[in-house]
Amino acid sequence: MAALGWLTPRRRSATARSVLAGEASAEAARKSSQEAVGTTEEPQFPVHGDDRAAAFFDLDNTVMQGAALFHFGRGLYKRKFFETRELARFAWQQAWFRLAGVEDPEHMQEARDSALSIVKGHRVAELQSIGEEIYDEYMAERIWPGTRALAQAHLDAGQKVWLVTAAPVEIAQVIARRLGLTGALGTVAESVDGVYTGKLVGEPLHGPAKAEAVRALAAAEGLDLGRCAAYSDSHNDIPMLSLVGHPYAINPDSKLRKHARDLDWRLRDYRTGRKAAKVGIPAAAGVGAVAGGTAAAIALHRRRR
């Protein structure tokens, strides 16, 4: 039997080196498992009671699916502010935005120019009231629940939360108020005696302008940007994201995703399925001209490629 002793397990005392080796192996396995499922531990954030911290959220495709300006245009069409051909153009621009997942500067400029011409001569108070209705009709159901939860976490921690968007400030303020956020920074359209002139005050709040707006607001509010967070889907907002100590890429476009990975920024993606499957104009809703105009525009775009 002695010859078979090697088959019998022997109880041996673990040396310090074997304990260390075992613990190191277990730790490596744990980290590998966490990385595989995307559950690496993070420090508690946001920090409760930190009144020098705040959060800044881009709007389009970060907080809300699609572009607020395009949804607003659809609502104005419903109220006879402009003709069907204008709605078809808004529909095509929205379809492009949701398909590509990025802001096309030419489309965004066209949308701003169209919106300014449409609201020219109307009272600011009228558009603010209509904005409340349009939020309920087209925007409320397109809020990303995941991003909404991130914003609520900052609010629950006692921090202020701001939208920062190129959309008209009146629309942004409606959305911020409906979501229970602190407020909004947005593009300001010129008005005289409460009536829109059809011009902007300065430039659209886009790209580097967002970063400057956040910097100015932080100074006015006494915030420490190193303790603040910013959230966006677009590489155009890298200047704003780079300002804060806690940048997040939300539903990121390809350029922002790469940049975020290179700098080890946090990423969150709340989209499901293929983005192409999400294209469609959920509402212009039964307006045949819109569906036809959008399909024609997409077909034309494909033929030109």
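See the structure shown above.
About the cut-offs
Residues numbered from 1 in each chain as written. Predicted model: local features only at pLDDT ≥ 70, side-chain atom pairs only at ≥ 80, totals over all residues. Heavy atoms only, no water. Helix = DSSP H or I, 4+ residues; strand = E, 2+ residues; numbered from the N terminus. Contact = heavy atoms within 4.5 Å. Areas by Shrake-Rupley, 256 points an atom, 1.4 Å probe, with all protein chains shown as cover. Salt bridge = Lys/Arg side-chain N within 4 Å of Asp/Glu carboxyl O. Buried < 20%, exposed > 50% of the residue type's maximum accessible area, 1.4 Å probe, protein only. Polar contact = N/O pair within 3.5 Å; in protein donor to acceptor, adjacent residues only side chain to side chain. Pairing = 2+ DSSP bridges. Axes fitted to C-alpha atoms, helices over the stretch in contact; angles between N-to-C directions. Core = buried A, V, L, I, M, F, W, Y, C linked by side-chain atoms within 4.5 Å. Lys, Arg positive; Asp, Glu negative; His and termini not counted. Right-handed = clockwise from strand over helix to strand, strands pointing away.

1. Here's the deal with the overall build of the chain
Along the backbone of the chain there are 11 helices and eight strands. A sequence separation of at least 24 residues applies to 63% of the contacts in the chain between residues at least 6 apart. Entry remark: accessible area of the chain is about 16000 Å², with carbon and sulfur atoms responsible for 54%.

2. Digging into the pattern of salt bridges
Any two side chains of opposite charge can pair, given that their charged atoms come close. Evaluation of the coordinates by the stated rule reveals 16 salt bridges. Close ionic contact of Lys-160 with Glu-221 constitutes a salt bridge, the shortest N to O distance being 2.7 Å. Of the two residues, Lys-160 sits in strand β2 (residues 160-168) while Glu-221 sits in helix α8 (residues 208-221), which places them 61 residues apart along the sequence. Under the relative-accessibility criterion, Lys-160 is labelled partly exposed at 39%. Note that Glu-212 and Arg-215 form a salt bridge whose closest N and O atoms lie 3.7 Å from each other. One end of the pair is Glu-212 and the other is Arg-215, both in helix α8 and three residues apart, which spans about a single turn. Connected via shared salt-bridge partners are Lys-78, Arg-79, Glu-133 and Glu-137.

3. Some remarks on unusual backbone geometry
The backbone of Lys-80 sits at a positive phi, close to 65°, despite the residue not being glycine. Its place among the elements puts Lys-80 in the loop between α2 (68-78) and α3 (84-100). With a phi close to 45°, Asn-251 is a non-glycine residue in the positive phi region. Looking at where Asn-251 falls in the secondary structure, it is placed in the loop between β7 (246-250) and α10 (254-262).

4. Brief notes about α10
The opening residue of α10, the one whose side-chain oxygen lies 3.2 Å from the backbone nitrogen of Lys-255, is Asp-253. Downstream of α10 by a residue or two, Asp-264 has a phi angle that is positive, lying close to 60°.

5. Examining the sheet that holds β7
Here six strands make up an open sheet; going across it, the order is β3-β2-β1-β6-β7-β8 and the pairing parallel. The open sheet has two edge strands with one neighbour each: β3 (183-187) and β8 (266-268). Ignoring which end each strand starts from, the neighbouring axes of this sheet average 20° apart. Both strand β1 (residues 54-57) and β2 contribute to a ladder of four bridges, which runs parallel. Bridging from a neighbouring strand, Phe-57 pairs with Leu-163 of β2. In this fold helix α7 (residues 169-178) packs onto β2 and β3, with an angle of close to 145° to the strand it touches most, β2.

6. Notes on the nonpolar core
In summary, soluble globular proteins display a tendency toward joint burial of nonpolar side chains. Phe-57, Leu-76, Met-139, Leu-163 and Ile-175 are the most contacted members of the largest nonpolar core, which has 41 residues in total. No other element matches helix α5 (residues 124-139), which puts seven residues into this core. Residues contacting Ile-175, with those up to four places away along its chain left out, are Leu-59, Ala-68, Tyr-135, Met-139 and Leu-163. In terms of nonpolar packing, the next biggest core, distinct from the first, is built from 24 residues, Ala-54, Ala-211, Val-214 and Leu-241 among them.

7. Some points on the environment of Leu-163
With respect to the helices and strands, the residue Leu-163 is situated in strand β2. Judged by relative accessible area, Leu-163 falls into the buried class, the value being 0%. Measuring from C-alpha to C-alpha, the distance between Leu-163 and Leu-59 comes to 6.4 Å, with 104 residues separating the pair along the chain. In this structure, Leu-163 is in contact with Phe-57, Leu-59, Val-63, Ala-172, Ile-175, Ala-176, Leu-181, Gly-183, Ala-184 and Leu-185, ignoring residues within four places of it in sequence.

8. Topic: the side chain of Asp-60
The topology assignment puts Asp-60 in the loop between β1 and α2. It turns out Asp-60 is buried and unbridged, and the closest side chain with the opposite charge, Lys-210, is 7.2 Å from it. At a separation of 2.9 Å, a polar atom in the side chain of Asp-60 contacts the main-chain amide nitrogen of Ala-68.

9. Section: the pairing of strand β6 (residues 229-232)
Here is the key point about a regular strand: its side chains alternate between the two faces of the sheet. Here β6 shows no split at all, with Ala-229 and Tyr-231 on one side and Ala-230 and Ser-232 on the other all buried. Alignment of β1 against β6, held across three bridges, turns out to be parallel. Each bridged residue has a counterpart across the sheet, and for Phe-56 the counterpart in β6 is Ala-230. For β6 and β7, the ladder comprises four bridges, and the chain directions are parallel. Note on β7: the bridge partner recorded for Tyr-231 is Tyr-248. Running through helix α9 (residues 238-243), the crossover from β6 to the neighbouring parallel element β7 is right-handed.

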